[in-house]
Number of protein chains: 2
Amino acid sequence: MPRPSKPLISRTAAVAAALEIIDTEGLEAFSVPRLAKHLGVQAPSLYYHFADKAELMSAVALHVIGDVSLPRRKPGPDWPEYFVTLGLNFRTGILRHRNAAPILLQALPRTVLLRRYEEAAEFLAASGVPEELHVQILDGMERLSLGAVLTEAVRSPGSRATIFPNVDPASQPALARALAANDRTSKRLYEEMIRSFLYGVVRDAELPAAQPTAQGRRLTS
Amino acid sequence: MPRPSKPLISRTAAVAAALEIIDTEGLEAFSVPRLAKHLGVQAPSLYYHFADKAELMSAVALHVIGDVSLPRRKPGPDWPEYFVTLGLNFRTGILRHRNAAPILLQALPRTVLLRRYEEAAEFLAASGVPEELHVQILDGMERLSLGAVLTEAVRSPGSRATIFPNVDPASQPALARALAANDRTSKRLYEEMIRSFLYGVVRDAELPAAQPTAQGRRLTS
DNA sequence: ATTATCTATAGATCTATAGATAATGC
DNA sequence: ATTATCTATAGATCTATAGATAATGC
């Protein structure tokens, strides 16, 4: 039946199905014929909606980060918390689809992220953060959050429980002690990592100094 | 000739050839038959040296990070520079083989990195850094450097020149201003990112405070 | 005329195993 | 006997295009 009364395929349905395959069977399991079977159509039909496989993957990547919501916070001296929230949202969104994480690295058009950067840059300016630091903060946040989340996403199910897997106290005593002295979860480490970074960036700036945590103190100049 | 006088294939030669293919033709171009042709042997012969393709990829990943040398620094109050050097070595080593970067994310056994962490943990202890911070620092350094370098490695040749590509001053004025106010290269941003992070981690600790840069100042308590 | 599917198929690969075979080392 | 290659091949895919075809909307 060469043209159905109602279209069988839509881009969004195709992307959702692709993500479902990747989530449940892994990235390797994904292919165009595979997706077609999942949708109950023939493989070549998908090429009517996507130019090629790369465009499909790109659409999947967009869908994954499209779910990440931007923080609704007022500019001000606690501006670092905007980025902490952003980073955590980002982490949650990606970990929901951890098998798709490698796609983000390769197929994510950077121009998409840039639209968010503009808003973040405005936020920084409105918060009184010196302009010289904006690129440091935005570039740093991109690298840090993408990297931090990707490494977490590809971790095997077995090694997810501990921060470092298979530490042998006999041959790695210093590491074992370090682990024993740590009481933070992976999520908490990530969250604090963002605060630390932002605090460090503004360490020499006059103001607005970061007051990221309850114990946060002001820098003297 | 079913067995040559001298072996035609060695693991190291195979890995080196694999990396050469990946470097010059991209990760997609790599396959076992492809590697065999490059070595002048038949594809199945490679399965005598590697159990499967995954083991081969893993060996390639190991080779890439094997080139990264550990810093030779004495423990002391400028301990952050140990990590800055480590991070820069890591960056240089990976950017030498940027097409192989995605392999590191997926095929790198974490136990390999752990051997280095033990040395780093000893170094932190000897420098007088409180034990509670060791995991924060090691975990943070892993996420930060892997992430920062991967995002840099997959950047397309065209967009490498600028920090953010295709910024339109009309629609993205805040971003354009931020870029204009930035005078740092990608490498420099990465380097300072590590310093900022480490400085931030110890921001509340009594001592040894980080003195990462010439302008570095001490925290008051 | 345009839209959205289908069938058919080109064309190129891949991964991995089984089993033969000759050189080497004991 | 072991080592290190080879040939042959199973078996499974893939990506993508060409061209047919029927439903829809003008």
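Every chain is numbered on its own, with residues counted from 1 as its sequence reads. Chains and ligands are labelled by the order in which they are written, letters from A for the one and numbers from 1 for the other. Whole-chain, interface and lining totals are the exception, using all residues; otherwise, since this is a predicted model, local features are given only for residues with pLDDT of at least 70 and side-chain atom pairs are given and counted only at 80 or more. Hydrogens and waters are ignored; side-chain quantities use all the structure's heavy atoms.

What to know about the overall build of chain A
Working definition: helices are DSSP H or I runs of at least four residues, strands are E runs of at least two. Numbering for both runs from the N terminus. When helices and strands are tallied, chain A shows ten helices and zero strands. Secondary structure elements in chain A, listed N-terminal to C-terminal, are α-α-α-α-α-α-α-α-α-α. The atom set for the radius of gyration is the C-alpha atoms, and the globule formula is 2.2 Å times the number of residues raised to the power 0.38. Its C-alpha atoms give chain A a radius of gyration of 22 Å, clearly above 17 Å, the size a compact globule of 221 residues would have. Note on exposure labels: buried denotes an accessible area under 20% of the residue type's maximum, exposed denotes more than 50%, and partly exposed covers the range between, all computed with a 1.4 Å probe on protein chains only. A buried classification covers 53% of the 221 residues belonging to chain A. Note on contacts: a residue pair is in contact if any heavy atoms of the two residues lie within 4.5 Å. Partitioning the intrachain contacts of chain A with sequence separation of at least 6 by distance along the chain shows that 64% fall at a separation of at least 24. To measure how exposed things are, a 1.4 Å probe is used in the Shrake-Rupley method; for residues, cover is taken only from the protein chains shown. Accessible area for chain A stands at about 10,300 Å²; split by element, carbon and sulfur atoms hold 53% of it.

Focus on the protein's contact with DNA strand C
Nearness is defined per residue: one heavy atom within 4 Å of the molecule or strand is enough. Around DNA strand C lies a shell of 22 residues, among which Pro-2, Leu-8, Ser-45 and His-49 of chain A together with Pro-2 of chain B are the nearest. Within 4 Å of the protein, the contacting atoms of DNA strand C are drawn from sugar and phosphate to the extent of 63%. As used in this structure description, the phrase polar contact means that two N or O atoms lie within 3.5 Å; if the pair is within protein, one of them must be able to donate a hydrogen and the other to accept it, and residues adjacent in sequence are counted only when both atoms belong to side chains. Take Pro-2 of chain A: an N or O atom from its main chain is 2.9 Å from a base nitrogen of DNA strand C. The set of elements that each furnish at least two residues to the surface near DNA strand C consists of α3 (43-46) of chain A together with α2 (32-39) of chain B. Residues are grouped as follows: Ala, Val, Leu, Ile, Met, Phe, Trp, Tyr, Cys and Pro are nonpolar; Asp, Glu, Lys and Arg are charged; every other residue, Gly included, is polar. In terms of residue class, the surface near DNA strand C is made up of 13 nonpolar, five polar and four charged.

Digging into the interface of chain B and chain A
Contact with chain B, which involves 67 residues of that partner, is made by 67 residues of chain A. Throughout, the accessible surface (probe 1.4 Å) given up by two parts as they are put together, summed over both, is called the buried area. Overall, the association of chain B and chain A removes approximately 5,900 Å² of surface from exposure, summing both partners, and the carbon and sulfur fraction of that is 62%. Considering only the surface of chain B that becomes buried against chain A, Val-135, Arg-143 and Arg-203 of chain B emerge as the three largest contributors, covering 14% of it. Any Lys or Arg side-chain nitrogen found within 4 Å of a carboxyl oxygen on Asp or Glu counts as a salt bridge. Counting across the chain B and chain A interface gives eight salt bridges. Here chain B and chain A share 16 residue pairs in polar contact (both at pLDDT 80 or more) between them. Elements with a contribution of two residues or more to the side of chain B that touches chain A: α5 (101-107), α6 (110-126), α7 (134-153), α8 (173-180) and α9 (186-201) of chain B. With 15 residues, the single largest contributor to the side of chain B that touches chain A is α7 of chain B.

Describing the packing of aromatic side chains
The way to describe two aromatic rings as a pair is by their centre distance and the angle between their planes. Between rings of Phe, Tyr and Trp, where Trp is taken as its six-membered ring, a pair exists when centres lie within 6.5 Å; planes separated by under 30 degrees are stacked, by over 60 edge-to-face, and by other angles tilted. By the definition in use, this model includes eight aromatic pairs over all chains. On the numbers, 5.2 Å between centres and 50 degrees between planes, the contact of Tyr-117 of chain A with Phe-164 of chain B is tilted. Remark: Phe-164 of chain B occurs in the loop between α7 and α8 and Tyr-117 of chain A occurs in helix α7 (residues 110-126); the pair is interchain, linking two chains. Centre to centre, the rings of Tyr-82 of chain B and Phe-83 of chain B are 5.1 Å apart; their planes meet at 75 degrees, and the pair counts as edge-to-face.

From the geometry alone we can't say anything about function, so treat these as descriptive.
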